[in-house]
Amino acid sequence: MNDERKWDLVRRRDRAGDGQFVYAVTSTGIFCRPSCPSRRPRQQGVRFFDTPAAAQRGGFRACKRCRPTSGAALATIDDAITRASRYLTRHADQTVPLSALARVARVSASHLQRQFKRALGVSPREFQAACRATRFRDELRDGSDVTTALYAAGYGSPSRVYEGSPTGVGMPPATYRRGGAGATIDYTSVRTPLGWLLVATTGKGVCAVQLGDTRAALVSALEREFPAAILVDSPRMSKAWVASIVARLRGDATGIDVPLDVRGTAFQWRVWQALRDIPSGETRAYSAVARAIGQPSAVRAVARACATNPVCAVVPCHRVVAKDGAPGGYRWGAKRKAQLLAAESARAGGRSRTASKAK
């Protein structure tokens, strides 16, 4: 939105501008919402800022009349993002231009694009692509054939489906539709200090690493995900992969890298890679991970990516903690998270002491 458009909203005290920007008056040193009922200043004495924080950094004070830093004002863009995300979810099968989405959200297109990605970590287009992939998988699970499912989900052609890999790298849509029918998924389960561990692989790599209280519960979860696949409790499973994962559960960060074949959005993969970059024995706050991937405002989206991590230990989501240092949540249980962190910390301390003696 250019300055002329912003001034027009200010001049008309239009609430459509609230949450998109604030304006500051150089003669008074005060900044306001566009809808502020105060007397309109001269246009040449007005400066525009994207956020109240930016205006404050510029040396301006918040208006006591319209209170541009109040929760009501700050909630405006959150409401817009909620309206936009709900609309995209409902219309995953349609092409939604950004301009049309902006009208639904009741903010400008440029502001929506910027704030949507800042809040959720993905652009509106990427968000809709994830919704479309989810709908596609749901259609396949409900028994639709691949052609019906791809058009119902909004893919314009079969090539778009295969480009997006909505069912993962190692499993074609037709196979996924049949609950994995015809696909062979090897798995094994072993006891570890943290309970039972299940590791499952396709021909492309590891597709699941789960922790649980019983072996039966873990196998049942795998069966629910791929009800028609050939699940083999197999000695063909790479013993080196399993040994490497078990070692990581004991705090040992050394060993081979395990190839992965898991479904995830582009944003999830960026988060998961950032988690793999955290050294063993160290932790990061969710906000630090968000900054590491270049999305400092996407803290909630980072937390969701951690919660949906399908391969514990391989993608070490246990190394992400709350801002105050508290352990925070963990998909496989807070107690297991604490044990993992303690084991890694002890191992890291031992390495540090060894290095010091060597010096």
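Right above here is the structure, for reference.
Let us look at the structure shown here. All residue numbers refer to position in the chain's written sequence, counted from 1. In keeping with the predicted nature of the model, local features appear solely for residues at pLDDT of at least 70, side-chain atom pairs appear and are counted solely at 80 or more, and the whole-chain, interface and lining totals rest on all residues. Heavy atoms from the whole structure form the basis of all side-chain values; hydrogens and water molecules are not counted.

1. Quick look at the overall build of the protein chain
The condition is simple: By the criteria applied, helices consist of DSSP H or I runs no shorter than four residues and strands consist of E runs no shorter than two, each listed in order from the N terminus. Residue burial is assigned from relative accessible area. The probe radius is 1.4 Å, only protein chains are included, and a residue is buried under 20% of its type maximum, exposed over 50%, and partly exposed in between. Whether two residues touch is decided by their heavy atoms; if any such pair falls within 4.5 Å, the residues are in contact. Residue-level accessible areas treat just the shown protein chains as cover; the underlying method is Shrake-Rupley with a 1.4 Å probe.
Broken down by element type, the protein chain carries 15 helices and ten strands. Relative to its 359 residues, the protein chain shows a buried fraction of 47%. Partitioning the intrachain contacts of the protein chain with sequence separation of at least 6 by distance along the chain shows that 60% fall at a separation of at least 24. As presented, the protein chain carries roughly 18,000 Å² of accessible surface, and 50% of it is formed by carbon and sulfur atoms.

2. Structural notes on the environment of Val-315
For Val-315, the position within the fold is in the loop between helix 14 (299–307) and strand 10 (320–321). Taking the C-alpha atoms as reference points, Val-315 and Gln-273, 42 residues apart in sequence, are found 7.6 Å from one another. The contacts of Val-315, once residues within four sequence positions are left out, are Leu-260, Trp-272, Leu-275, Arg-276 and Asn-309.

3. Points about the sheet that holds strand 5 (residues 184–192)
This is how it is decided: Here, any two strands with at least 2 DSSP bridges between them count as paired. For helices, the fitted line uses only the C-alpha atoms of the stretch in contact; every axis is such a line through C-alpha atoms, and the angle between N-to-C directions lies from 0 to 180 degrees.
The four strands lie next to each other as 7-6-5-8, forming an open sheet whose pairing is mixed. Each edge of the open sheet is held by one strand with a lone partner, namely strand 7 (206–212) and strand 8 (230–233). Across the sheet, the mean angle separating the axes of adjacent strands is 20 degrees when strand polarity is ignored. Inspection of the sheet shows strand 5 paired to strand 8 by four bridges, in the parallel sense. Paired with Thr-184 across the bridge in strand 8 is Ile-230. Packing of helix 10 (residues 215–225) onto the sheet brings it into contact with strand 5, strand 6 (195–201), strand 7 and strand 8, and relative to strand 6 it is tilted by some 30 degrees. Packed onto the sheet, helix 11 (residues 239–249) meets strand 5, strand 6 and strand 7 and runs at close to 145 degrees relative to strand 6.

4. With respect to the packing of helix 12 (residues 266–276) against helix 14
Threshold: These descriptions rest on fixed angle ranges, namely under 35 degrees for roughly parallel, over 145 for roughly antiparallel, 65 to 115 for roughly perpendicular, and the rest for oblique. Here the term charged refers only to Asp, Glu, Lys and Arg, the term nonpolar to Ala, Val, Leu, Ile, Met, Phe, Trp, Tyr, Cys and Pro, and the term polar to all other amino acids, Gly among them.
Interhelical geometry of helix 12 versus helix 14 gives an angle of 80 degrees and a closest axis separation of 9 Å. Between helix 12 and helix 14, the angle is such that the two are roughly perpendicular. Along the contact surface, helix 12 presents Phe-267, Gln-268, Val-271, Trp-272 and Leu-275, while helix 14 presents Ala-301, Val-302, Ala-305 and Cys-306. Among the residues making up the contact of helix 12 with helix 14, the classes are represented as eight nonpolar, one polar and no charged.

5. With respect to the environment of Ala-92
Assignment of secondary structure puts Ala-92 in the loop between helix 3 (71–90) and helix 4 (98–105). Distance in space between the C-alpha atoms of Ala-92 and Arg-132 is 5.0 Å, their sequence separation being 40 residues.

6. A short note on the pairing of strand 1 (residues 22–25)
Of the two faces of strand 1, the one lined by Val-22 and Ala-24 and the one lined by Tyr-23 and Val-25 are each fully buried. As paired strands, strand 1 and strand 3 (residues 46–49) are joined by four bridges and run antiparallel to one another. Bridge pairing in strand 3 links Val-25 to Val-46. Relative to strand 2 (residues 30–32), strand 1 runs antiparallel, the two being bridged by three bridges. Looking across to strand 2, one finds that Val-25 is bridged to Ile-30. The antiparallel pairing of strand 1 with strand 2 creates a hairpin that spans four residues between the two strands, and Gly-29 there sits at a positive phi of about 75 degrees.

7. Focus on the sheet that holds strand 1
An order of 3-1-2-4 is seen for the four strands of this open sheet, with the pairing classed as mixed. Every interior strand has two partners, whereas the edge strands, strand 3 and strand 4 (61–62), have only one. Against the sheet, helix 1 (residues 3–11) engages strand 1 and strand 3, with an angle of about 105 degrees to strand 3.

8. Here we look at helix 12
Using the following cut-off: The arc in question is formed by the directions pointing from the helix axis toward the C-beta atoms.
For helix 12, every residue scored as buried is listed here: Phe-267, Gln-268, Val-271, Trp-272, Ala-274 and Leu-275. Here the buried residues of helix 12 occupy an arc of 160 degrees about the axis, which is enough to place them on one side.

9. Some points on the nonpolar core
Filter applied, for reference: We define the nonpolar core as a collection of buried residues of types Ala, Val, Leu, Ile, Met, Phe, Trp, Tyr and Cys that are connected through side-chain atoms lying within 4.5 Å of one another.
Counting 38 residues, the largest nonpolar core has Val-209, Val-271, Leu-275 and Val-302 as its most contacted members. Considering each element in turn, this core owes the most residues, five residues, to helix 12. Setting aside its immediate chain neighbours within four residues, Leu-275 contacts Val-289, Cys-306, Val-315, Pro-316, Cys-317, Arg-319 and Val-320.

10. Notes on unusual backbone geometry
Unusually for a residue other than glycine, Arg-13 sits at a positive phi of about 50 degrees. Among the residues examined, Arg-13 registers a relative accessible area of 34% and is labelled partly exposed. Of note, Arg-67 is a non-glycine position whose phi angle comes to about 45 degrees, a positive value. Relative to the helices and strands, Arg-67 is located in the loop between strand 4 and helix 3.

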